[in-house]
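These are the residues of each chain, in order.
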Amino acid sequence: MKKKNASPKPFLEEEKPALDLSRPLPLLPLRDTLVVPGSSTRILVGRDISIYALTASQEFNDFLVLVMQRESEREEVNAEDLYPVGVLSKVLSVSPLPNGYLKVLVEGVQPVFLSEIFFEKYFTAQVELRPLALGESDTDMERARRSIDLFRRYAEIQSVPADILEALPGMTFAADIYYGIIPFLRLSPVDKQALLAQETLPDLADQTDLLMETALSVEGIAQRVRQDVQQKMQQSQKEWLINEQIRMLQDEVSEGEQASEPVKLAQKIKEKKFSKEIQEKLDEELDRMKLMHPTSPEYAVVRNYIDWFLALPYNEYTETNLNLKAVQAQLDAKHFGLEKVKDRILEYIAVLKMTKSEKKSSILCLVGPPGVGKTTLVASIAEAMERKFIRISLGGVRDEAEIRGHRRTYIGSMPGRFIQALRRVKCMNPVMLLDEIDKMASDFRGDPASAMLEVLDPELNTDFTDHFMEVGFDLSRVLFIATANTESSIPEPLRDRLEIVRLPGYYAHEKMSIAREYLIPKICENSGIVYGKDIEISDACIQKILDEYTREAGVRDLERALESIVRKRVKEIVLSKKRLPVISDKVLTQYLGAPRFLGNRLFKAGRCGLVTGLAWTSVGGEILTIECMLLSGRGQLMMTGKLGDVMKESAQIALSLVRERLQYFGVDPAVVRKTDIHVHVPEGAVPKDGPSAGIALTLALLSAFTKIPVPPDTAFTGEVSLSGDLHAIGGLNEKALAALAAGVKTLILPEDNRKDVAELPGPAQKGLKIILKTHIDEIIKLLFKHSVTPKKKIKK
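Given the structure is predicted, the values throughout are model-derived calculations rather than measurements.

### Here we look at the pairing of strand E21 (residues 746–750)
Look at any regular strand and the pattern is simple: side chains alternate between the two faces of the sheet. The element E21 is largely enclosed, with a buried count of 5 among its 5 residues. Pairing of E21 with strand E22 (residues 769–773), which is carried by 5 bridges, proceeds in the parallel orientation. Paired with leucine 747 across the strands is isoleucine 770, a residue of E22.

### Overview of the pattern of salt bridges
In a structure, side chains of opposite charge can pair up when their charged atoms sit close to one another. Summed over all chains, the structure comprises 31 salt bridges. Close ionic contact of aspartate 81 with arginine 74 constitutes a salt bridge, the shortest N to O distance being 3.3 Å. With relative accessibility at 33%, the residue arginine 74 sits in the partly exposed group. A salt bridge links glutamate 316 to lysine 272; the shortest N-O distance between them is 3.9 Å. One end of the pair, glutamate 316, is in the loop between helix H10 (297–311) and helix H11 (324–334); the other, lysine 272, is in helix H8 (residues 238–272), and 44 residues separate them in sequence. Here glutamate 316 falls in the partly exposed class, since its relative accessible area comes to 37%. One continuous salt-bridge network, built from bridges that share partners, spans Lys281, Glu285, Arg288, Glu298, Arg408 and Glu470.

### Description of the nonpolar core
Counting 55 residues, the largest nonpolar core has Met432, Leu434, Ile437, Met452, Leu456 and Phe480 as the members making the most contacts within it. The greatest single-element share of this core, amounting to 7 residues, is contributed by H10. Dropping the residues within four chain positions of it, leucine 456 is found in contact with Ile363, Leu434, Ile437, Phe480, Leu494, Arg497 and Leu498. Formed by 52 residues, the second largest nonpolar core is a distinct cluster that contains Leu19, Val109, Ala155 and Leu201.

### Some thoughts on the environment of arginine 516
Relative to the assigned elements, arginine 516 resides in helix H18 (residues 508–527). Classification of arginine 516 by relative accessible area gives partly exposed; the value is 27%. Counting along the chain gives 23 residues from arginine 516 to aspartate 539, while the straight-line C-alpha distance between them is 8.2 Å. Residue contacts for arginine 516: discarding those within four places in its chain leaves Pro521, Tyr531, Ile537, Ser538, Asp539 and Ile542. Within the structure, the side chain of arginine 516 is placed 2.7 Å from the backbone oxygen of isoleucine 537, a separation counted as a polar contact.

Cut-off values and rules
- Here the residue numbers are simple positions, counted from 1 along each chain's written sequence.
- Predicted model: local features are reported for residues with pLDDT of at least 70 only, side-chain atom pairs are reported and counted for 80 or more only, and whole-chain, interface and lining totals are derived from all residues.
- The side-chain values count all of the structure's non-hydrogen atoms but skip hydrogen atoms and water molecules.
- Whether a residue is buried, partly exposed or exposed follows from its accessible area with a 1.4 Å probe, protein chains only, as a fraction of its type maximum: under 20%, in between, or over 50%, in that order.
- Only DSSP runs of H or I reaching four residues or more are called helices, and only runs of E reaching two or more are called strands; each is numbered from the N terminus.
- A strand pair is defined by DSSP finding two or more bridges across the two strands.
- Salt bridge, as used here, is a side-chain nitrogen of Lys or Arg placed within 4 Å of a carboxyl oxygen of Asp or Glu.
- The term nonpolar core refers to a set of buried residues drawn from Ala, Val, Leu, Ile, Met, Phe, Trp, Tyr and Cys, joined through side-chain atoms within 4.5 Å.
- Contact between two residues is taken to exist if any of their heavy atoms lie within 4.5 Å; hydrogens are not considered.
- For this analysis, a polar contact is any N or O atom pair within 3.5 Å, provided that within protein one partner can donate a hydrogen and the other can accept it, and provided that sequence-adjacent residues contribute only side-chain to side-chain pairs.

Shown next as structure tokens:
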């Protein structure tokens, strides 16, 4: 060994075989174990590179270099994975184990710096000794003795063996003292490696003392906390003790935690793997945060801003169930009918399965009256696709900030509802229900419907910018499904971005199936009774409820009526009243009271001036009886029933058409000038408007003047022009539903509605005789030709 590498360390002063440090020494990487100079340690050796290095150490008098690797879980390592400072060690013994590993006893000798690392079957390294003991002074030794005293206090709280405390004062060199302390400090291997890497003895002493003083300070704080809490133990419970200790500890160490808070946040941001734009924004905020005092209000604002980013499920997605048959089976199991909506969802999944891309999918909007199952259907869609579901209620939202969020300049600002929803649902591709999208309002705070345009446009929502977040977020993989009661209430630009799927009201046979298969079993289960044993509701009973106690497009009133029946039966069972399980008509009346509706609402046959019309409402279709009465007067047209301007104009057109055609029925058109005409539409408190009553108004006036009645079981809907042409109307499904329920047999429509007739469900097409006409004269000829004797045209 060269003289310049000599050290006053005891192991080099004894007579030992020379060790040539000019040659590369075998190097053995350690996973999570650190060997300290002057201490003996047992290690397990199993990797090939480690066994080769151990074998090669025999050529170097059993000396080798032990170096800890940076990542302990890595099996294969390279030179970059090793720390630059290791320990020159002596192999004392090697014992083979049954599992093929070797148990090796090594003794740390001297810290070394790895100047160059080589690899060929195993690692070797050119090393330089780092003899911290060289140049030690009396001052260093006095410092070491003070460190021993400090270590004695540390040992009292950490249970260090007594023989170690006795051995330390007998050591000759200060470096040996510190190396003797390091193994017994409760530190991670990485922190111990940092102590080993200290280049000077004062640095090693400072770092070792600092760690022991910190541990003692923490323990001292804990002791003071325990003493303070014990004084209040008689007035509190054990929970209070634990919470108070936590609180007081946080108060004592909060300053140190806040000092490292930007570092912790930076690590969390790095783990999130944000986009470049977001990363730059957060780095900028972190730089600002480091310049602020922790008690500053702006510090809390910046911290809250960063916390929002960290709480978002960035790049977290759930797998979508792409099995079409399984999805369809699950939808059919929970919802009756609604075939058009189910087909549209299956189409979406099929496209997703073929393209493997969720982006740029159209936005569905389910439009239908209340109670038809729009909201529950969307929840079932999410369950069938195995995606997470989140609901955003937009009814009554009138502030744009609800959609886009508040700007950070405002106190208490926060992101909009979409960012908050993503945080709650914890994934970036949920099924998001936009409930009641037609009921958004606008005022001086902005127009939320306009803010929704960016969210619902597949071309724009890849970079949705929230005012609070200030950077773009990709919402393109979110499956948006909106619901609305009326399509006309949705603003035109917003409706243009939606694919409208209409959900008509349920027909009677559909309500019957829903009640039998879904509602009654659920209600009985929730009420704790057994269907068939404790209660039995026949189809005739359900039909009676539909006809006399409910009048709706959905099934909510039907469900409430069934719940009322079951509750009353449960009450009787609890009171031990004996009844047959079957609900009879008499029992039904006792449970639900007198019928709310009197079944068929059509007027009696043979009455002139009365015609059955059809109307559309937000809760479904309605039968609209139009009544006309002729009185002697001056030709005035009076209209009652809270009619709108469009409907009044339709009546004027109808009167003109009738005046022109009265001469063909043997009636002098001049009689109109001497007759006051009163047109009334019942339920006068309900507003009515629209042009679809044009045909019915014309026929009601003609029936009144000709004294020829129109059959009550024939209903009419359609707009009529001044020339007599018939034009298409909307809401045909709901109107046909109401007509069928009321007992209408024949439905007369404009020819332009033929496309809508083809989409009517089978029961409606079978239960109604649908007649399509293009002109009002065709309808007049159809209705009046068998009742009127042809008469000559009256000459003026």
